[in-house]
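Listed below are the residues making up each chain.
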Amino acid sequence: MIELDSKQEQEILHEAELFATREIRPYARQIQEQQSIPRSLIRAMAERGYLAASIPHEYGGMGLGPKAYGLLTEVFGKALPAVRSLLTVHTSLVSETLVRFGSPDQKSSWLPKLVRGEWIGAFGLTEPEVGSDAKNVKTTWREEEDCYVLNGKKKWITFGDVADVFIIVASQEGRSTAFWVERQFDGVQTQAIEGVMVGGETGIAEIDLHEVRVPKSHLIGRMHEGFEYIVSGALDQGRYSIAWAGLAIAQEALDSMVTYSRKRKQFDQKLSHFQLIRGMIGDAVTKVHAARALCLRAAELREAKDPQAVMETTIAKYFTSKIAVEVANDALQVHGANGISSEYPVSRLYKEAKILEIIEGSSQMQQEMISHYGLKTYYKRGGGL
Ligand SMILES: Cc1cc2nc3c(=O)[nH]c(=O)nc-3n(C[C@H](O)[C@H](O)[C@H](O)COP(=O)(O)OP(=O)(O)OC[C@H]3O[C@@H](n4cnc5c(N)ncnc54)[C@H](O)[C@@H]3O)c2cc1C
C-alpha cells in the first residue's frame, strides 16, 4: 500500500475500502440494472464525508490532500465508476470550483449543503453543437435590473437529471461567464438521455434553459472570464479525478485478468501458463505501474502547488484513460466468452474505460495540449542536425 503523509488519511482510506467492499461492490450489478445510484447510498457517502473529501476543513470537508483524494477516487473507481463519478462531478467539478472561485457569501450559503449531500451538483458546459470547442458555447445570458437571464441547451451532463444545482457556462459576445443555477428556478428542465452504452446510472441528461432568471448573487467568479478561470480550473480538477479513475479501471481489469488466468484451464493447463496470455499480463502490469507513477507525480506537484501540475495532470489523464481501454480490452480477451457476461466485471470495465477517453477533454484534445507543451519544451535551439 502507498504510504500517506498522515495516519489519519491512511485510516480514512482504509475505512473507504471497507465501505466500498460492504456497501458498493455487492450492489454494483443492481445499481447498473436499476440505472440509478440509490439516494441512501449517496446519503451514506455524504455522512462519512466522502462527497466532500477534498474540501477544506473550514467548509466542513475532510480536507484530504491531492494524493489521499486521488487514492480515494481510485477506491470508488474500482468499486463502481458511477459512484466515483460523484467525486469527479459533485466534489471536483462543482464543490472544488466553488471553493476556488466562489465569493465568501456563496461559499457560506452553498458549500454546507454540497458537503452534507443535501444538494447534488452538476457541471453544464457541453451543448448539442458544442463539445471540444468549449470556448464557443451557444447558451446566452443577458443582464436585467435584478437578475441575469439564461437561454440555451446543455447536453451530456452527468447527474443532470438528478442534480439540485448546476454550474452553467453561458456566453455573451464570445466571452463566457459561469452561473449557479438551481433546479427549482423557473425555466429549468432536464431530460435523461436514454440508450447510452454506459453511465445511465449517473442520470446523464440534457438541460433546457428557457428565460431562466438567475439572481445577481449567483454569478461565479468574474464576468466574461468564465472560460479562463471556472472552466479551465474545473477541467483541471476533473482531469485529475479522471486520471485516477483510469488507473482504477486498469487496476481492476488487471486483477480480474490475473485471477481468471490462474483459475481457468484449457489444454489441461491454467491460462496463466500460456506465453501469449503472460505477454498480455506483463504489458498490463507495466501499464498500470506507469499510470500509477504518473498519477502520483501529478499528486506531488499539486501538493506543492507547482504550476507544472496542470500539464502533468493532463499527461496522467491522457495516459491512464488510454491504458484503461487497452488493459480492459486484454482482460476481456483473457476471459474469452465469459468476458462478455455480466457475471464478470470485465465487459463493464471495458465500456467504462472508453468513456474516459471522451470526458474532461477528449484524448485528441489532450494530445493537442501535450504536443503544444512538448514543441515548446523540447525544442533545441541551434540543434536538431
Ligand atoms: C459519459 C459522459 C459524461 C459527460 N459528462 C459531462 C458533464 O458532466 N458536463 C459537461 O459539460 N459535459 C459532459 N460530457 C461531454 C463531454 O465533455 C464531451 O463529450 C467532450 O468534451 C467531447 O465533445 P463532443 O462529444 O461534442 O465531441 P466533439 O467535440 O464533436 O468531437 C468529436 C471527435 O472529434 C475529435 N476532435 C474534435 N476537435 C478536434 C480537433 N481540433 N483536433 C482533433 N480532433 C478533434 C474529438 O476528440 C472527438 O474524438 C460528458 C460526455 C460523456 C460521454
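- The protein chain carries the name Acyl-CoA dehydrogenase in an unreviewed UniProt entry, which gives Paenibacillus polysaccharolyticus as its organism.
- Word for word, the UniProt comment on the protein chain under Sequence similarities (unreviewed entry) is "Belongs to the acyl-CoA dehydrogenase family."
- UniProt lists a comment for the protein chain under the heading Cofactor (unreviewed entry), and it reads "FAD".

**Re the site of the ligand**
- In the region of the ligand, 15 residues are neighbours, and T126, S132, W156, S362 and Q364 sit closest.
- Measuring from an oxygen atom of the ligand, one finds a backbone N or O atom of L125 at 2.9 Å.
- Compared with its free state, where it exposes 970 Å², the ligand has 62% of that area covered by protein.
- Split by residue class, the shell around the ligand holds nine nonpolar, six polar and no charged.
- Residue contributions to the shell around the ligand reach at least three from each of two domains, namely domain 2 (121-224) and domain 3 (227-377).

**Describing the packing of aromatic side chains**
- If you walk through the whole model with that rule in mind, you get 13 aromatic pairs.
- Each ring, one from Y260 and one from Y344, has its centre 5.6 Å from the other, and the planes form 90°; the classification is edge-to-face. Of the two residues, Y260 sits in helix α7 (residues 226-263) while Y344 sits in the loop between α9 (309-334) and α10 (346-356), which places them 84 residues apart along the sequence.
- According to the relative accessible area criterion, Y260 is buried, its value standing at 10%.
- Since its relative accessible area comes to 27%, Y344 is described here as partly exposed.
- Three or more aromatic residues joined by ring pairs make a cluster, and in this case those are F19, Y50 and F76.
- Positioned above the aromatic ring of Y148, the side-chain terminus of K216 is 5.6 Å from the ring centre.

**Considerations on helix α4 (residues 66-79)**
- For α4, built from 14 residues, the straight-helix expectation of 20 Å at 1.5 Å per residue is met to within 8% by its first-to-last C-alpha distance of 20 Å.
- Of all 14 residues in α4, 13 are buried, a share of seventy percent or more.

**A few points about the packing of helix α5 (residues 81-101) against α7**
- Running from N to C, α5 and α7 point in directions that differ by 155°, and their axes come no closer than 9 Å. With respect to each other, α5 and α7 are oriented roughly antiparallel. For the crossing formed where α5 meets α7, the hand is right-handed. Counted together, P81, R84, T88, S92, L93, E96, T97, R100 and F101 of α5 and Y229, I230, G233, A234, L235, D236, Q237, G238, S241, I242, A245 and I249 of α7 form the full contact between these two elements.
- Across the contact of α5 with α7, the residue classes tally to ten nonpolar, seven polar and four charged.

How each quantity is defined
- Residues numbered from 1 in each chain as written.
- Predicted model: local features only at pLDDT ≥ 70, side-chain atom pairs only at ≥ 80, totals over all residues.
- Heavy atoms only, no water.
- UniProt positions renumbered as here; feature names shortened; annotations may be inferred.
- Near = heavy atom within 4 Å.
- Polar contact = N/O pair within 3.5 Å; in protein donor to acceptor, adjacent residues only side chain to side chain.
- Areas by Shrake-Rupley, 256 points an atom, 1.4 Å probe, with all protein chains shown as cover.
- Nonpolar A, V, L, I, M, F, W, Y, C, P; charged D, E, K, R; others polar.
- Domains from an automatic or database assignment.
- Phe/Tyr/Trp six-rings, centres within 6.5 Å; stacked < 30°, edge-to-face > 60°.
- Helix = DSSP H or I, 4+ residues; strand = E, 2+ residues; numbered from the N terminus.
- Buried < 20%, exposed > 50% of the residue type's maximum accessible area, 1.4 Å probe, protein only.
- Lys NZ or Arg CZ within 6 Å of the ring centre and 35° of its normal.
- Expected span 1.5 Å × (residues − 1).
- Axes fitted to C-alpha atoms, helices over the stretch in contact; angles between N-to-C directions.
- Parallel < 35°, antiparallel > 145°, perpendicular 65-115°, else oblique.
- Left-handed = near helix turned anticlockwise from the far one by under 90°.
- Contact = heavy atoms within 4.5 Å.

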